[in-house]
Every structure is written in structure tokens, then in C-alpha cells.
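Given next are the chains, with one letter for each unit.
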Amino acid sequence: MKLREYALVMYKNQPALIKTVTADKFDIDTPSGTKKVRDKDITLLHAGPVANLSKVQNYPLPEADVREAHTFFDGDNPSLRDIADLLWGDLPPEAWWSVWKTVSESPWFIAESPESPIALRPESQAQAIIAKAQAKKEEGTEKDAFLERLASSLKTGTAFDIASDGKYLQEVEALALGKTDKSRILKELQGKVKTAETPEAAHEILLATGYWKPSYNPWPSRHGHTIRSSQVPVDPPTDKKERLDLTHYESWAIDNAWSTDPDDAVCFDGERLWIHVADPAETVAPDTPADRDARSRGATLYIPEGAARMLCEETLDYYALGLSPVSRALSFSLLLNPNGSIADVSIHRTRVRVSRLTYAEAELRKDEPGLAPLFAIAANNIERRAKAGAISIDLPEVHLQVSKDDQGNPTVSIQRIEPSPAADMVREMMLLAGEGAARFAFKNRIPFQYVSQEAPDIPEQLPPGLAGEYRKRRGMRSRKVGTVPADHAGLGLGMYSQVTSPLRRYGDLVAHQQLHLWLDGKPLMDTDDMLLRIAQGDLAARECTLAERETNLHWTLVYLAMNPSWTAEAVVVDRAGNQAVVFIPELAREAKITLGNSVELGTVITVRAGNIHIPTQTVTFITDAV
């Protein structure tokens, strides 16, 4: 049929009205405005005339049983007009958009175009579509009712029925855990209560409804980390490679009392210093499944609930030092000059006999023949590094631990870590190993992981006490990890690598893998390959560090919320006008607080906690000091 003015047509699945016809072009009115189209762009609904498009869009068809037409035309392919005549009889032109929508959207028909025959959908398929639509409608009604109940609970603080409505909160939980960045529930809830589509808002709702307990820790998940150790198996060690037998020397693995993964030990044989390091790289070779999983984690996640290990738990049985009478190690042998600098470095696969000690036990035995030389070497190295400009920062540290009863209720303990000469000694041993490994790699042209740090920005005159230590920390630069050796100004070392924690840090594991290749005379990983592996591991490790930091703050806030009468001393370490920064040794945390202008740096005040908000990790520390 020839298209003419005021005919009703369909354009891009919307009704349109032909206003003018010029040759093969048409000016049409659409719901979004006037368009100029060709005849191939439009489909005729009714020849018209139709005067008003708004009547077309809102035309009310009389009720009709569409299924009646499906039964009547069984075995045929009726036209749109055939169905319209049967169901509604004589209709005005304005009705034909509604006719088309009703028929094309009906589950009983398959309608591709108003000008084409219409197919009948098999009854079983039609019934399935109807059932699905009904279920969706009921689900929508049920969800609307849920949103009303949730909004009412949030407004009034009334109890929320987790048993029946918890399924809807799973989507909110996914946002709170960082597994998605959207939540339709929260988006639709915004019209009913004041909230936002953010992880913090989701967290708050989950706490308010009781879906989560206040102690629930979402931070590892938000940073892409699981709280389970790696499940990828590691091959057990073999005796295929020759190892230097050092079991006639006593070596010491010295750590905190709560340490469960000893991966370094020290020994002095009367001439050379030995730093023995766990050797998982013997079987965790580059690009093995365990290596790839460790790279994706970056490091072992240490949180108060426990450790989520970079390598599977069985790796400790194979390679941790001192858990069996004889341990396998990759050992760094250092010959030292009288001033403590390194004269010679050699690296060996070894078999060692390791005794485990806590820092407290080592301090009690520090004058014994096996340990005394180690303390002396450490003191010498501290002096050497200090002369080279090393920065020592002495701010209080704490150890957080969480235990849970049979009902899952947590107990949080915060224990002050006291300064320890034994801890200082072990730190110096590890620094010597890292310096020695860096020098060994550089001398032998081994592409390697180097850690560097630019000189800090610290004023010559520092305030005394914690205020001075705080200012030093503020002046430190970020560390850099790469394949080019450079000064580590903070440590006072010309070059440095990290090699003493391959069970805990992926960069250390890569360094060990490269050293194994060198010891075997095999082709080394080239610089670009090393850099890529190190960068990927370091990126994941940074997220691990953030997860640990925010988890520790989470449990600190839980502790404060569980102890409303808590008070502690705080030291003023910085100030600007009446705004001050205080350091709270009992929590090893800094906080901003408003103080009078007369309060000087180093002043000790008493603070208490208020306005604790776990979802946003905020707390206000209050003092009565003027």
C-alpha cells in the first residue's frame, strides 16, 4: 500500500505519524521529535488518517482474551488485522499501535512485523513464558515488600528477619566485600532511606540488619585477598641436588613467640657469618602453578585472625627451619671486614641443624658462645649503617590477636611489643644477607631484585621523644623495587635486596629462583622477565599490606567498641594551631585531636574513644586536656 500523509507507521519500534511526503522521503513525528526518513526505515501500521500521535501512544484497547485468537487460528498464520478483527472488531486508526504491542508482546504469538503473517507459538512454550513472567512479577512484588521492610527496619531500628530476607542481602554483601561495584538493592533503597551504593553503606546495612556481626572483617576481600592459605600443592623436596652439610654447626631461628613459620636462621662458625633461609625455590620453580598462585597473592597475609599463606601449608613441613631435626636451606655465607662491611659472599644449598628461640630466650642466652658473636656483629653493623646515614625510627608497636569462642564471639587482645636487643640482632643479620645477595648478584651480572629508597627529608633539629620519631617517619620516602641497584638511604646501604623470606614474600621467592638457576648453570631469567614478575608480585603485596593495615584498624575499633570505658595515654607529636596529632602507644596509632594552643609537643594527655564507626573505620579520640 502506498504510504501517505497522516498514516500511522512504526519507526525503530516506536509509533510515528507521516506528516509530509516528498518523492521517496517522509517527514514523520515520533515521540522524540521530527525525523526525515525513507520508506525502508518505516513499517505501515494503519493507512489513517491519524491526527494526533499522543492518542496513539495512550489508546486504551478493550479487554480481550488473546488466547482465544490462538485457539481460533490453530494451524493458520493469521495477519495482524485478522487477529484484531476477531478480538476487538472495528477499531479506529489510533488503536493500531496498541494492537501491535498487545499481539507482538503476547506469549501466544511470534510476530516479527505488522505486515507479515503471524506465527502461533506452541502452547507448551507459551505456558512456560507465562509462568516465567508470573514468577518474575511475584519476585518483583516480593522484593518491593522486602525493600519496605528493610527501609522500615533501618528507620526505626526494629528487628530484621534474616531467616526470610537474608537471600536479598547476599547481593549487598557482594558489594561490601568488594566482589562487585554495584547493588540494585541499594540503588532502589535510595528512594526510601538515605544511603549510597558503596561498600561502606553496604557494610553499615549488613551490621544494622544483623546479617553481619560488628566483628566481621571484610578488608582482605576488598583488597582481593582470601583469608585461606594457598591450596595449590608444592612438590616435596628431593635429594637430587647436592647440599653442603652444615649440621655440625648450631644455627638459631629467632623470632616472636607467636611466629609459626620460621624461614631464617643465623650462625657464626668462627670465621664466616651464615644466614640460612628456607628454600622453597628448590621445587617452586618459575611458572609452576604454585609460583603463579604465590605471584597473585604477593605475600603471606598476616592478620589477627591468623595467616593466609602465599604457599600452601605443607610447604612449612618441607622447608621451614627448625621444625625437623635437619632442615634444607639456601645459605648466604659472609666474610666481614673489621668495620662490619662485607668482604666476600658465597651462596650454597645446605643442610642445617636449627634450634628455635624466642627473642626473650635469645636475650637470656646472648652471652653464650654460639650467640655472643652474633650480637657483636649486629652492634658493629648498626654502627656502620649509622655512619652511612641510616635512619632509625623508634615508634611503639603492638601485636593484635583475635580468638573466638564456640559461638564465634571474638576476644581481641592488644599487646605492646617491647624493644628487644635480640630482635635488633636478627634484623641486622637479615640486612647483611640482603646486602650480600645484592652484591653477589651485581658482581656476577645476575638480573636480580633490588630494593632502594631515596634520601629522606628530615630537618637537622628534631623535637625530643616520640615527636621526633614521628617527624622522622613523615620524612621518609617510599621504597622502590626494580632490577637496577641503587642506594637504600633509609638503611644506609649502597645496594640492597630482600632474600630472607621466600615463604612470605614473592619477591624473595623470585630472587631465590634466580639464584637456583645460577647455581645449576642454567639460563637465567632476563631483566625484563624478572622486572615483570617482581612488579606483578609487588602490586599484589601492596594490596596485602593495605588489607593487613585496615584489618588491624578494624580489630582496634572492635576492641574499643567492646571496651567503652577504655582510656590511655597519648603523646602530642605534631600540631597546627589548635589541631594536634597525638600518638597513642597502647594502640600504636596516631590520631588528630583539638587542643589548646598552650599544649606543647611531647605533652602526655589521657584520651578516650567515641563515635566509633566500623564501616568507615573512623573514631574520635577525646581528651579533657585544655
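Placed above this text is the structure.
Residues numbered from 1 in each chain as written. Predicted model: local features only at pLDDT ≥ 70, side-chain atom pairs only at ≥ 80, totals over all residues. Heavy atoms only, no water.

Below, the discussion takes up empty space enclosed by the protein. This structure, assessed with the given rule, holds two cavities of 30 Å³ or more. Approximately 50 Å³ is the volume found for the largest cavity. Every residue lining the largest cavity is listed: Asp 261, Thr 300, Arg 309, Leu 311, Cys 312, Thr 315, Leu 316 and Leu 503. Split by residue class, the lining of the largest cavity holds four nonpolar, two polar and two charged. Volume-wise, the second largest cavity comes out at about 30 Å³. Contributing to the lining of the second largest cavity are Ala 253, Ile 254, Asp 255, Pro 262, Asp 263, Asp 264 and Arg 504. The leading source of residues in the lining of the second largest cavity is strand 8 (residues 244-255), at three residues. (1 Å grid on protein atoms, 1.4 Å probe; cavity = no way out; pocket = protein on both sides within 12 Å on 5 of 7 lines; lining within 4 Å. Points joined across faces, edges and corners; volume = space filled by probe spheres on them. Nonpolar A, V, L, I, M, F, W, Y, C, P; charged D, E, K, R; others polar. Helix = DSSP H or I, 4+ residues; strand = E, 2+ residues; numbered from the N terminus.)

Now for the layout of surface pockets. There is about 290 Å³ of room inside the second largest pocket. Looking at the second largest pocket, it is lined by 15 residues, and the ones nearest its centre are Tyr 216, Asn 217, Pro 218, Ile 227 and Glu 305. Here the lining of the second largest pocket is built from residues that sort into six nonpolar, five polar and four charged.

So, on to the pattern of salt bridges. A full pass over the atoms with the stated rule returns 40 salt bridges. The shortest N-O distance in the salt bridge between Arg 272 and Asp 344 comes to 2.8 Å. With a gap of 72 residues between them, Arg 272 in the loop between strand 9 (264-268) and strand 10 (273-278) and Asp 344 in strand 14 (residues 342-358) connect regions that are remote in the sequence. Linking Asp 624 and Arg 608 is a salt bridge whose minimum nitrogen-to-oxygen distance equals 3.3 Å. (Salt bridge = Lys/Arg side-chain N within 4 Å of Asp/Glu carboxyl O.)

With 38 residues, the main nonpolar core has Ile 254, Ile 275, Met 429 and Phe 448 as its most contacted residues. Broken down by secondary-structure element, the contributors of at least two residues to this core are strand 8, strand 10, strand 13 (327-336), strand 14, helix 12 (359-364), helix 13 (372-387), helix 14 (421-443) and helix 16 (506-520). Looking at which element gives the most residues to this core, the answer is helix 14, with 11 residues. What Met 429 contacts, discounting residues up to four positions off in sequence, is Val 266, Leu 273, Ile 275, Leu 374, Ile 377 and Ala 378. Of all hydrophobic cores here, the second largest spans 29 residues; its members include Leu 61, Ala 69, Trp 97 and Val 103. (Core = buried A, V, L, I, M, F, W, Y, C linked by side-chain atoms within 4.5 Å. Buried < 20%, exposed > 50% of the residue type's maximum accessible area, 1.4 Å probe, protein only. Contact = heavy atoms within 4.5 Å.)

You can see Met 310 is positioned in the loop between strand 12 (306-308) and helix 11 (314-319). Separated by 193 residues in sequence, Met 310 and Leu 503 have C-alpha atoms that sit 7.0 Å apart.

With that settled, the discussion passes to the side chain of Arg 121. With respect to the helices and strands, the residue Arg 121 is situated in the loop between strand 7 (119-120) and helix 5 (123-156). Notably, Arg 121 is buried but unbridged: the nearest opposite-charge side chain belongs to Glu 112, and the N-O separation is 9.1 Å. One polar contact links the side chain of Arg 121 to the main-chain carbonyl oxygen of Pro 107, over a distance of 2.9 Å. In this structure, Arg 121 is in contact with His 70, Ser 106, Pro 107, Trp 108, Phe 109, Ile 110, Ala 126 and Ile 129, ignoring residues within four places of it in sequence. (Lys, Arg positive; Asp, Glu negative; His and termini not counted. Polar contact = N/O pair within 3.5 Å; in protein donor to acceptor, adjacent residues only side chain to side chain.)

This brings us to the packing of helix 3 (residues 80-88) against helix 4 (residues 96-104). When two helices pack together, their arrangement is given by the angle between their axes and by how far apart the axes lie. As a packed pair, helix 3 and helix 4 sit with axes 11 Å apart at the nearest point and diverge in direction by 100°. In terms of their interaxial angle, helix 3 and helix 4 are classed as roughly perpendicular. Contacts between helix 3 and helix 4 pair Leu 80, Arg 81, Ile 83, Ala 84 and Trp 88 from the former with Trp 96, Val 99, Trp 100, Thr 102 and Val 103 from the latter. Class assignment for the residues of the contact of helix 3 with helix 4 results in eight nonpolar, one polar and one charged. (Axes fitted to C-alpha atoms, helices over the stretch in contact; angles between N-to-C directions. Parallel < 35°, antiparallel > 145°, perpendicular 65-115°, else oblique.)

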